[in-house]
Amino acid sequence: MANISAIINSIRNIMRQDRGISGDAQRLEQLGWMLFLKIMDDKDQELEIIKDDYESVIPEKFQWRNWAANPEGITGDELLNFIDSSQGLFATLRQLQNAKFPKRAAIVREVFEGTHNYMKSGYEMRKVINKLNEIDFNNSKDKHIFGTIYESILQELRDAGNKGEYYTPRAITQLMTQMTDPQLGEKVLDPAAGTGGFLTAAIDHIRANYVKTVEDEHILQQSITGWELKPVAYVLGLTNLILHGIDVPNYIYKDSLKTEYNSIGRKDQVDVILANPPFGASIAEGVETNFPKNYRTKESADLFVILMLKLLKPNGRAAIVLPDGSITGDGVKMRIRKKLLTECNLHTIIRLPQSTFFPATVSTNLLFFEKGSPTKEIWYYEHRLPEGQKSYSKTKPIRFEEFTPLIEWWNNRKETEVAWKVKVEDLKDWDLDIKNPNTKVEEIEFSTKEILEKLQNSFNKMNVLFEQIKKELR
């Protein structure tokens, strides 16, 4: 497998040499449509082999294989004209129609209606294209490369001051999917889908455990839905689902929180929700008025909880990521937790180390619940860092293998030094921030550097709280 991070770094450096690209947002949008076209063509070639009646919706002239795949292909002004002219690639794909495969054509059209070619040097663009061609998406042993790409993107966006988005490590998406166990025929939704990590985990899980026939695969194709608002994440997520064999992804470019709350009916509800909703992110002006008065807030994660409760069918299952700030607090936060606990059986909360979403230092939790009956008791499980490891990092991220004891405990639960049970009637103000009662208090010595880092983390958390308070007071 190619070194994806190294290739993305090379592309970043090449694009910085192009005078047409100004800043991260334009560079990332540029990368998004190019990845989409390459992977679309890779999958088209695969489908042309396995399906007798399949033909690409993209005109032959504009198929990646015919203008981009050859490293000695068109470059310079000729390449720019091919992309930007009135009869060029963008103009053609923005008007794309295909009577045989209209939905697939509509996906291509939507991607190109919402993106632009910013590059002004056809020579630099050829370098980027050749770098992308080093990635063989069809033959890669690990198709989950979008996590690597998007993680790099998000780190840059966070450095530029864009808050609220945190790449979900693959180990987390895999665990949440396995424990929720989406099955063939069940509708699966991620209303904050990002690059599609949860949805591709669900696709892999269902294929591995339940898909046995061509008809089963057809059912799976109709079962997966994602909603995403950020343009770059949307294009990458759409591309990721195509890479994972979803021919016409039901991946919608929308602000989930603008979904008309009162109009959500049984036909709109789903069997399974897997999500890591953005927290601490800004929301559209006035969007909170879309929700019942008792639950109006400017905290995005809290609004997503209310939305997801509405979107779940009776007996539907969900696994979601929430920060500590959403499982404690009074006022509207308390009312949202009460609604969750009285309408659903919140059976499990997994408490994660603060560095799980590195480089963010946010204390997070995995909540597992089923809609239809109130919660009577909650099992807590504290996932600890591997022995001898002080934190997760870019070189030492959380690994799925670490969850082996948790998975073994899941179906044979008993209280241990990392697992404990709490009755709902023992909760004060529906507060779910229950610490491990079995933790031994030990004296720990820290170096001066570690003390300063902890102080900085505390200041950062205080700043986040101040911002949330200011939003509530506006």
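Residues numbered from 1 in each chain as written. Predicted model: local features only at pLDDT ≥ 70, side-chain atom pairs only at ≥ 80, totals over all residues. Heavy atoms only, no water.

A. Just the overall build of the chain, in detail. Secondary structure assignment for the chain yields 17 helices and 9 strands. Projecting the C-alpha coordinates of the chain onto the three principal axes gives extents of approximately 70 × 55 × 45 Å. The burial tally for the chain puts 52% of its 474 residues in the buried class. By sequence separation, contacts in the chain at least 24 residues apart represent 76% of the contacts at least 6 residues apart. Accessible area for the chain stands at about 22,900 Å²; split by element, carbon and sulfur atoms hold 49% of it. (Helix = DSSP H or I, 4+ residues; strand = E, 2+ residues; numbered from the N terminus. Buried < 20%, exposed > 50% of the residue type's maximum accessible area, 1.4 Å probe, protein only. Contact = heavy atoms within 4.5 Å. Areas by Shrake-Rupley, 256 points an atom, 1.4 Å probe, with all protein chains shown as cover.)

B. The arrangement of the environment of Glu450 in detail. Note that Glu450 resides in helix 17 (residues 448-473). For Glu450, a relative accessible area of 18% translates into the label buried. Between the alpha carbons of Glu450 and Lys394 there is a distance of 18 Å; along the sequence they are 56 residues apart.

C. A look at the pattern of salt bridges. In total, this model carries 22 salt bridges according to the counting rule given. Between Glu343 and Lys339 there is a salt bridge, with the nearest N and O atoms lying 2.7 Å from each other. Of this pair, Glu343 and Lys339 both sit in helix 15 (residues 332-343), 4 residues apart, which is roughly one turn of that helix. According to the relative accessible area criterion, Glu343 is partly exposed, its value standing at 31%. (Salt bridge = Lys/Arg side-chain N within 4 Å of Asp/Glu carboxyl O.)

D. Structural view of the confidence of the model for the chain. Chain-level pLDDT for the chain is 89 on average; 91% of the residues reach the 70-or-more range. This model gives residues 159-164 a pLDDT under 50, and the stretch forms 9 contacts once residues within four places in sequence are excluded. (pLDDT = per-residue confidence, 0-100.)

E. Seen up close, helix 11 (residues 214-221). Of all the residues in helix 11, the buried ones are Asp216, Glu217, Leu220 and Gln221. Along helix 11, the residues classed as buried sweep out an arc of 145 degrees about the axis, all on the same side. Buried residues belonging to helix 11 abut helix 10 (197-209) and strand 2 (224-228). (Arc of directions from axis to C-beta.)

F. Structural view of the nonpolar core. Formed by 91 residues in total, the largest nonpolar core has its most connected members in Phe36, Trp67, Leu89 and Phe112. Not counting chain neighbours up to four residues away, the residues in contact with Phe36 comprise Ile107, Val108, Val111, Phe112, Val235, Leu238, Thr239 and Ile242. In this structure, Val270, Phe279, Tyr295 and Leu367 belong to the second largest nonpolar core, which totals 44 residues. (Core = buried A, V, L, I, M, F, W, Y, C linked by side-chain atoms within 4.5 Å.)

G. Inspection of the sheet that holds strand 1 (residues 188-190) at higher detail. Pairing in this open sheet of 9 strands is mixed, and the strands run 3-2-1-4-5-7-6-8-9 from one edge to the other. Two strands close off the open sheet at either side, each with one partner strand: strand 3 (250-253) and strand 9 (419-423). Here the strands of the sheet are splayed against their neighbours by 15 degrees on average, with no regard to which way each runs. In this sheet, strand 3 lies alongside strand 2 in parallel orientation, the contact comprising 4 bridges. Along strand 3, the bridge assignment pairs Trp227 with Ile252. (Pairing = 2+ DSSP bridges. Axes fitted to C-alpha atoms, helices over the stretch in contact; angles between N-to-C directions.)

H. Structural detail: helix 4 (residues 76-84). Those residues of helix 4 not exposed but buried are Gly76, Leu79, Leu80, Phe82 and Ile83. Taken end-on, helix 4 shows its buried residues confined to a sector of 160 degrees, consistent with a single buried face. Opposite the packed face of helix 4, turned more than 90 degrees from it, sit the exposed residues Asp77 and Glu78. In the core, the buried residues of helix 4 are packed alongside helix 2 (24-50), helix 3 (64-67), helix 5 (89-93) and helix 7 (122-132).

I. Region of the structure containing the packing of aromatic side chains. Inspection of the entire model under this criterion finds 16 aromatic pairs. Measuring from centroid to centroid gives 5.0 Å for Phe90 and Phe112, while their planes differ by 75 degrees, and the two rings are edge-to-face. With Phe90 in helix 5 and Phe112 in helix 6 (residues 102-113), this residue pair connects regions lying 22 residues apart in the sequence. Under the relative-accessibility criterion, Phe90 is labelled buried at 4%. You can call Phe112 buried: its relative accessible area is 0%. (Phe/Tyr/Trp six-rings, centres within 6.5 Å; stacked < 30°, edge-to-face > 60°.)

J. Spatial organisation of a nonpolar patch on the surface. The grouping of Ile451, Leu452, Leu455, Phe459, Met462, Leu465, Phe466 and Ile469 at the surface amounts to a nonpolar patch, some 780 Å² of accessible area in total. Mapped onto the fold, Ile451 is located in helix 17. A residue is classified by how much of its surface remains accessible, and Ile451, at 41% relative accessible area, is partly exposed. (Patch = residues over 30% accessible without salt bridge, like charges linked within 9 Å, V, L, I, M, F, W, Y side chains within 5 Å.)

K. Structural context of the packing of helix 4 against helix 7. Closest axis-to-axis distance for the helix 4/helix 7 pair is 7 Å, and the angle between their directions is 80 degrees. Relative to helix 7, helix 4 is oriented roughly perpendicular. Residues Gly76, Leu79, Leu80 and Ile83 of helix 4 pack against Gly122, Tyr123, Met125, Arg126 and Ile129 of helix 7. Tallied by class, the residues present in the contact of helix 4 with helix 7 amount to 6 nonpolar, 2 polar and 1 charged. (Parallel < 35°, antiparallel > 145°, perpendicular 65-115°, else oblique. Nonpolar A, V, L, I, M, F, W, Y, C, P; charged D, E, K, R; others polar.)

L. Just the side chain of Glu186, in detail. As for its placement among the helices and strands, Glu186 is situated in the loop between helix 9 (170-180) and strand 1. At 2.9 Å, the side chain of Glu186 and the backbone nitrogen of Gln183 are in polar contact. Among the polar contacts made by the side chain of Glu186, one reaches the side chain of Arg317 at a distance of 2.8 Å. Excluding anything up to four places from it in sequence, Glu186 contacts Asp181, Ser223, Asp271, Val272 and Arg317. (Polar contact = N/O pair within 3.5 Å; in protein donor to acceptor, adjacent residues only side chain to side chain.)

M. The side chain of Asp41, seen in detail. Position of Asp41 relative to the elements: it lies in helix 2. Classification of Asp41 as buried rests on a relative accessible area of 2%. Of the polar contacts made by the side chain of Asp41, one reaches the side chain of Arg65; its length is 2.9 Å. Every residue in contact with Asp41, bar those within four places of it in the chain, is listed here: Gln63, Trp64 and Arg65.

N. Representation of the packing of helix 13 (residues 300-311) against helix 15. Contact pair helix 13 / helix 15: the axes reach a minimum separation of 10 Å and the direction vectors enclose 25 degrees. Accordingly, the angle class assigned to the pair helix 13 and helix 15 is roughly parallel. Note on packing geometry: the crossing formed by helix 13 with helix 15 is left-handed. Contacts between helix 13 and helix 15 involve Asp302, Val305, Ile306 and Leu309 from the first element and Lys333, Ile336, Lys339 and Leu340 from the second. For the contact of helix 13 with helix 15, the class distribution of residues is 5 nonpolar, no polar and 3 charged. (Left-handed = near helix turned anticlockwise from the far one by under 90°.)

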